[in-house]
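Close look at the chain arrangement
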Amino acid sequence: MGKLFTLIVVLALGYTGLYFYYGVVTKQIVQQELDDRGLSAVSVENVEYGITAPISISADISITGTYRGAEATIYLAVKGHPLFSDEVTVEFDGLQALRLGISLGQ
């Protein structure tokens with residue numbers, strides 16, 4: 001029983017590491033795609049994806065991007081696995097929300 005519990009704990013820790021590393025690599029890929037298209041002023045703040053995204057070859061993700069005071073949530077489809085595939089494509093799926101911030105300087 002102890003060996004089974006240890007195996008489950010080791011697998012859970014490994015999957016947790018894979019899950020977080022998937023987010024880091026996906027954020028880098030999306031930022032690189034934006035830079036390649038001349039949108040280097042847009043910065044990717046947050047990447048959200050499902051629990052099964054690190055073990056599938058296609059995933060629906062959402063990113064939060066900012067540009068000067070405007071913030072938008074954008075849905076993307078990732079085809080290929082960012083960690084294990086040589087070819088990864090990112091496809092625009094839709095714009096969810098656009099928030100504008102107005103700040104008054106002193």
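A short tour of the structure in this document, coming up. Predicted model only: the values in this text are computed from it and were never measured.

Once that is clear, we can look at the overall build of the protein chain. A tally of helices and strands in the protein chain yields one helix and four strands. Starting at the N terminus and ending at the C terminus, the protein chain contains elements arranged as α-β-β-β-β. At 17 Å, the protein chain has a C-alpha radius of gyration far larger than the 13 Å of a compact globule built from 106 residues. In the protein chain, the proportion of contacts linking residues at least 24 apart, taken out of those at least 6 apart, comes to 40%. For the protein chain, the exposed surface amounts to about 7500 Å²; the carbon and sulfur share of it is 60%. With 6 positive and 11 negative side-chain charges, the protein chain shows a spacing of 6 Å between the two charge centroids.

With 35 residues, helix H1 (residues 2-36) extends 51 Å between its outermost C-alpha atoms, agreeing within 8% with the 51 Å of an ideal straight helix rising 1.5 Å per residue. Residues of H1 that are buried include every one of Tyr 22, Gly 23, Val 25, Thr 26, Val 30 and Leu 34, and no others. Positive backbone phi, approximately 85 degrees, marks Gly 38, located one or two places after H1.

Evaluation of the coordinates by the stated rule reveals three aromatic pairs. With centroids separated by 4.8 Å and ring planes inclined at 50 degrees, the aromatic side chains of Tyr 19 and Tyr 49 adopt a geometry described as tilted. Taken as a pair, Tyr 19 in helix H1 and Tyr 49 in strand E1 (residues 43-49) lie far apart in primary sequence, 30 residues in all. Taking relative accessible area as the criterion, Tyr 49 reaches 14% and is therefore assigned buried. With centroids separated by 5.1 Å and ring planes inclined at 65 degrees, the aromatic side chains of Tyr 22 and Tyr 49 adopt a geometry described as edge-to-face. Here the residue Tyr 22 occupies a position in helix H1, and Tyr 49 occupies one in strand E1, the gap between them amounting to 27 residues. Among the aromatic residues, those joined into a ring-pair cluster are Tyr 19, Phe 20, Tyr 22 and Tyr 49.

Time to look at the environment of Ile 29. Inspection of the secondary structure assignment puts Ile 29 in helix H1. Along the sequence, Ile 29 and Leu 11 sit 18 residues apart, while their C-alpha atoms lie 26 Å from each other. Discounting chain neighbours no more than four positions away, the residues touching Ile 29 are Pro 82, Val 88 and Val 90.

Turning our attention to the layout of surface pockets. The probe, sized like a water molecule, is rolled over the atoms to show the empty space still left. Reported here for the largest pocket is a volume of approximately 350 Å³. Around the largest pocket sit 19 residues that line it, and Leu 34, Leu 39, Val 42, Ile 63 and Ile 74 are the ones nearest its centre. Looking at the lining of the largest pocket, the elements that each hand over two or more residues are H1, strand E2 (58-67), strand E3 (70-79) and strand E4 (89-100). Top element by residues in the lining of the largest pocket is E3. It accounts for five residues.

Parameters and conventions
Residues numbered from 1 in each chain as written. Predicted model: local features only at pLDDT ≥ 70, side-chain atom pairs only at ≥ 80, totals over all residues. Heavy atoms only, no water. Helix = DSSP H or I, 4+ residues; strand = E, 2+ residues; numbered from the N terminus. Rg over C-alpha atoms; globule rule 2.2 N^0.38 Å. Contact = heavy atoms within 4.5 Å. Areas by Shrake-Rupley, 256 points an atom, 1.4 Å probe, with all protein chains shown as cover. Lys, Arg positive; Asp, Glu negative; His and termini not counted. Charge placed at Lys NZ, Arg CZ, Asp CG, Glu CD. Expected span 1.5 Å × (residues − 1). Buried < 20%, exposed > 50% of the residue type's maximum accessible area, 1.4 Å probe, protein only. Phe/Tyr/Trp six-rings, centres within 6.5 Å; stacked < 30°, edge-to-face > 60°. 1 Å grid on protein atoms, 1.4 Å probe; cavity = no way out; pocket = protein on both sides within 12 Å on 5 of 7 lines; lining within 4 Å. Points joined across faces, edges and corners; volume = space filled by probe spheres on them.

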